[in-house]
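The chain contents come next:
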Amino acid sequence: MTPLSVFTRPRNVVALALLCCLLWGSSYAAIKSGYALLQIVPADLPAKLLFAGWRFLAAGLVLLAALALMGRTVRLPDARAWGRVGLLGVAQTTLQYLFFYVGLAYTTGVKASILNATGTFFSVLLAHWLHADDRLSPRKALGCAIGFAGVMVVSLGQGPLDFDFTLRGEGCIVAAAAVLAASSIYGKRVSQGMHPVLMTGWQLAIGGAVLLVLGWAGGGQLGHFSLGAWLLLGYLALLSAAAFSLWSLLLQHNRVSRITAFNFMVPVFGTLLSALFLGERILEPKYALALVLTCAGIWLVTQQGAARGRACAQVPQKV
């Protein structure tokens, strides 16, 4: 079997795409488990930044080391490239995960996995204004409306007019999704002039380093580093490196629409794994309905053909 056939054979494409979605979906439960292992309380923002910073610095270094082992250069070509990748790292890693790690401490993994899927819809809306060849079609508009309806449903409280939605919890998760959508579109432009894995390796490393600096500046400390905590941190770092690399290879060898059609599985896996490992409830009717609406919305907006699907191609990389 040739390397090309590994990433083009239908059953391999399905298996690898589902593996990426499974890895990304597992991050919700893994991060919340990390908070428990490291005894990070919800109000301890500096410690959360250190936790995220070590994860993404390690993930970036893993990608760069892999490129070096394959004989590829890991240096960026010039100062302009460094500036662009640095800006991408601050936006896509530092700012996004500042919101994400804070929000996840104040909401459940089930709700976060559904709410974070709004990044796909934000990406579609932004692409409409930024790309003349990627306008908002009736099908995309319907998909966005259905997807955001899922967000409304998952935010319902006990009564029909009671919303269980806080700015520091669910609001931060949605903000992280919006930041990811905007930075992914910018990342697509930056990647036109360099290898996407090289770009991602550096932006993860730079963004992770900034998170570490912010965490240390705020007086953050990570104590109680047991073997389990080290293994979990290593898993999160390898998760980011492995899932992105596989997803990029799938996108390189297949139609974008063929791969992005699997995006809806990220909230599905995130919901199921949060229930399995965190003991969170998923049998409430509102969670089932919200998950169906969100997945249906993602399916609709990603079924537009390869040329129209590129704006959403990088969105799942966020977790």
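Residues numbered from 1 in each chain as written. Predicted model: local features only at pLDDT ≥ 70, side-chain atom pairs only at ≥ 80, totals over all residues. Heavy atoms only, no water.

Considering a nonpolar patch on the surface
Phase 1 of the analysis: A cluster of nonpolar side chains, contributed by Met152, Phe163, Phe165 and Leu167, occupies part of the molecular surface with about 430 Å² of accessible area.
Phase 2 of the analysis: For leucine 167, a relative accessible area of 71% translates into the label exposed. (Patch = residues over 30% accessible without salt bridge, like charges linked within 9 Å, V, L, I, M, F, W, Y side chains within 5 Å. Areas by Shrake-Rupley, 256 points an atom, 1.4 Å probe, with all protein chains shown as cover. Salt bridge = Lys/Arg side-chain N within 4 Å of Asp/Glu carboxyl O. Buried < 20%, exposed > 50% of the residue type's maximum accessible area, 1.4 Å probe, protein only.)

So, the packing of helix α2 (residues 10-37) against helix α3 (residues 45-69)
Phase 1 of the analysis: Between α2 and α3, the shortest axis-to-axis distance is 11 Å and the interhelical angle comes to 130 degrees. In terms of axis orientation, α2 runs oblique to α3. In the crossing of α2 with α3, the sense of the turn from one axis to the other is right-handed. Between α2, through Ser27, Ile31, Gly34 and Tyr35, and α3, the contact on the second element is made entirely by Lys48, Phe51 and Arg55.
Phase 2 of the analysis: Residues belonging to the contact of α2 with α3 are distributed by class as follows: 3 nonpolar, 2 polar and 2 charged. (Axes fitted to C-alpha atoms, helices over the stretch in contact; angles between N-to-C directions. Helix = DSSP H or I, 4+ residues; strand = E, 2+ residues; numbered from the N terminus. Parallel < 35°, antiparallel > 145°, perpendicular 65-115°, else oblique. Left-handed = near helix turned anticlockwise from the far one by under 90°. Contact = heavy atoms within 4.5 Å. Nonpolar A, V, L, I, M, F, W, Y, C, P; charged D, E, K, R; others polar.)

A closer look at the environment of alanine 112
Phase 1 of the analysis: Along the chain, alanine 112 turns up in helix α5 (residues 109-115).
Phase 2 of the analysis: Judged by relative accessible area, which is 0%, alanine 112 ranks as buried.
Phase 3 of the analysis: Among residues more than four places away in sequence, those in contact with alanine 112 are Tyr28, Leu104, Thr107 and Ile173.

A look at the pattern of salt bridges
Phase 1 of the analysis: Applying the stated criterion across every chain, the model contains 1 salt bridge.
Phase 2 of the analysis: One salt bridge in this structure joins glutamate 170 and lysine 111, with 2.9 Å as the shortest N-O distance. Residue glutamate 170 is located in helix α8 (residues 167-190), and its partner lysine 111 is located in helix α5; the two are separated by 59 residues in the primary sequence. As far as the burial class goes, glutamate 170 and lysine 111 line up, both buried.

A look at the nonpolar core
Phase 1 of the analysis: Residues Ile31, Phe51, Phe100, Tyr101 and Trp247 are the most contacted members of the largest nonpolar core, which totals 77 residues.
Phase 2 of the analysis: Among the elements that line this core, the one with the most residues is helix α10 (residues 227-253), at 13 residues.
Phase 3 of the analysis: The next biggest cluster of nonpolar side chains, apart from the first, holds 6 residues, and it includes Ala117, Phe121, Cys144 and Ile298. (Core = buried A, V, L, I, M, F, W, Y, C linked by side-chain atoms within 4.5 Å.)

Focus on the packing of helix α4 (residues 79-105) against α8
Phase 1 of the analysis: The interhelical angle for the contact between α4 and α8, taken along N-to-C directions, is 165 degrees, at an axis separation of 7 Å. The angle between the axes of α4 and α8 places the two elements in the roughly antiparallel class. As for how α4 packs across α8, the hand of that crossing is left-handed.
Phase 2 of the analysis: Each residue belonging to the contact of α4 with α8 can be placed in one class, and the counts come to 17 nonpolar, 7 polar and 2 charged.

Quick notes on the environment of aspartate 164
Phase 1 of the analysis: Tracing the backbone through its elements, the reader meets aspartate 164 in the loop between α7 (138-154) and α8.
Phase 2 of the analysis: Linking aspartate 164 and valine 154, residues 10 residues apart in sequence, is a C-alpha distance of 8.4 Å.

Section: the packing of aromatic side chains
Phase 1 of the analysis: Per the stated rule, a full pass over the model turns up 14 aromatic pairs.
Phase 2 of the analysis: Aromatic pair tyrosine 35 and tyrosine 101: ring centres 6.2 Å apart, planes at 75 degrees, arrangement edge-to-face. Of the two residues, tyrosine 35 is situated in helix α2 and tyrosine 101 in helix α4; the sequence distance between them amounts to 66 residues. There is no split in this pair, since tyrosine 35 and tyrosine 101 are both buried.
Phase 3 of the analysis: Relative to tyrosine 101, the ring of phenylalanine 100 lies with its centre 6.2 Å away and its plane at 65 degrees, an arrangement referred to as edge-to-face. For the residue pair phenylalanine 100 and tyrosine 101, the accessibility class agrees, reading buried in each case.
Phase 4 of the analysis: Members of the aromatic cluster, connected to one another through ring pairs, are Tyr28, Tyr35, Phe51, Phe56, Tyr97, Phe100 and Tyr101. (Phe/Tyr/Trp six-rings, centres within 6.5 Å; stacked < 30°, edge-to-face > 60°.)

Comments concerning unusual backbone geometry
Phase 1 of the analysis: Positive phi values are uncommon outside glycine, yet glutamine 39 reaches one of about 55 degrees.
Phase 2 of the analysis: Mapping glutamine 39 onto the fold places it in the loop between α2 and α3.
Phase 3 of the analysis: Accessibility expressed as a relative area gives 53% for glutamine 39, which makes it exposed.

Some thoughts on α4
Phase 1 of the analysis: Between its terminal C-alpha atoms α4 stretches 37 Å, which fits the 39 Å expected from 27 residues at 1.5 Å a residue.
Phase 2 of the analysis: A bend of about 35 degrees at tyrosine 97 is the largest found in α4.
Phase 3 of the analysis: The N-cap of α4, judged by a side-chain oxygen 3.2 Å from the amide nitrogen of arginine 80 a few residues on, is aspartate 78. (Expected span 1.5 Å × (residues − 1). Bend = angle between axes of the 7 residues up to and from the residue. Polar contact = N/O pair within 3.5 Å; in protein donor to acceptor, adjacent residues only side chain to side chain.)

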